[in-house]
Amino acid sequence: QVQLVESGGGLVQAGGSLRLSCAASRSIFSINAMGWYRRAPGKQRELVAMITVFNRTNYGDSVKGRFTISRDNAKNTINLQMNSLKPDDTGVYYCNTAPIPNNSWGRGTQVTVSS
């Protein structure tokens, strides 16, 4: 299975921006769809954005219009540009296959949005 390493998280004030990156251990070209998941405090992990091999994207209602997912098959990376961040965006962010994740989760990257 592909190994995934997330980075780019941090502490930001509400209204700010962050850019997350996910580096895959092998080519993602053949993977139909990849996504970013979020585990908010006290909640289950949820899929917030996904992108197919044809670069079709889909977003959760809570992030639509604020987050942008992209993939770079040459660099084996999946990125998530997060703008207009809200305190409710706080959580640990993971990347994985989508919409069905495989069992190999990375450590994630913590995003904390202060009000």
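Owing to the predicted nature of the structure, the values given are computational and were not obtained by experimental measurement. (Residues numbered from 1 in each chain as written. Predicted model: local features only at pLDDT ≥ 70, side-chain atom pairs only at ≥ 80, totals over all residues. Heavy atoms only, no water.)

(A) Quick look at the packing of aromatic side chains. Within the structure shown, the criterion is met by two aromatic pairs. On the basis of an interplanar angle of 85 degrees and a centroid distance of 5.1 Å, the ring pair of Tyr-37 and Trp-105 is categorised as edge-to-face. One end of the pair, Tyr-37, is in strand 4 (residues 33–39); the other, Trp-105, is in the loop between strand 9 (91–97) and strand 10 (109–114), with 68 residues separating them in the sequence. Overall, Trp-105 belongs to the partly exposed group, its relative accessible area being 28%. Seen from their ring centres, Tyr-94 and Trp-105 are 5.7 Å apart, and the 80 degrees between their planes marks the pair as edge-to-face. Here the residue Tyr-94 occupies a position in strand 9, and Trp-105 occupies one in the loop between strand 9 and strand 10, the gap between them amounting to eleven residues. For Tyr-94, a relative accessible area of 10% corresponds to the buried category. Cluster of aromatic residues (ring-pair linked, three or more members): Tyr-37, Tyr-94 and Trp-105. Over the face of the ring belonging to Tyr-94 we find Arg-45, whose NZ or CZ atom lies 4.6 Å from the ring centre. A cation over an aromatic ring shows up here: Arg-45 above the ring of Trp-105, its NZ or CZ 3.6 Å from the ring centre. (Phe/Tyr/Trp six-rings, centres within 6.5 Å; stacked < 30°, edge-to-face > 60°. Helix = DSSP H or I, 4+ residues; strand = E, 2+ residues; numbered from the N terminus. Buried < 20%, exposed > 50% of the residue type's maximum accessible area, 1.4 Å probe, protein only. Lys NZ or Arg CZ within 6 Å of the ring centre and 35° of its normal.)

(B) Broad picture of the state of the cysteines. Tallied over the entire structure, the rule returns one disulfide. For Cys-22, the disulfide goes to Cys-95, at an S-S distance of 1.7 Å. On the sign convention where negative is left-handed, the bridge of Cys-22 and Cys-95, at about 50 degrees about the S-S bond, is right-handed. Of this pair, Cys-22 sits in strand 3 (residues 18–24) while Cys-95 sits in strand 9, and the two are 73 residues apart along the sequence. In this pair, the class of Cys-22 matches that of Cys-95, namely buried. (Disulfide = S-S within 2.5 Å.)

(C) Layout of the sheet that holds strand 8 (residues 77–82). Read across the open sheet, the four strands follow the order 1-3-8-7; overall the sheet is antiparallel. Across the chains shown, the open sheet's two edge strands, defined by having one partner strand only, are strand 1 (4–7) and strand 7 (67–72). Shown here is a sheet whose adjacent strand axes are inclined to one another by a mean of 15 degrees, direction ignored. Relative to strand 3, strand 1 runs antiparallel, the two sharing four bridges. Paired with Leu-4 across the bridge in strand 3 is Ala-24. (Pairing = 2+ DSSP bridges. Axes fitted to C-alpha atoms, helices over the stretch in contact; angles between N-to-C directions.)

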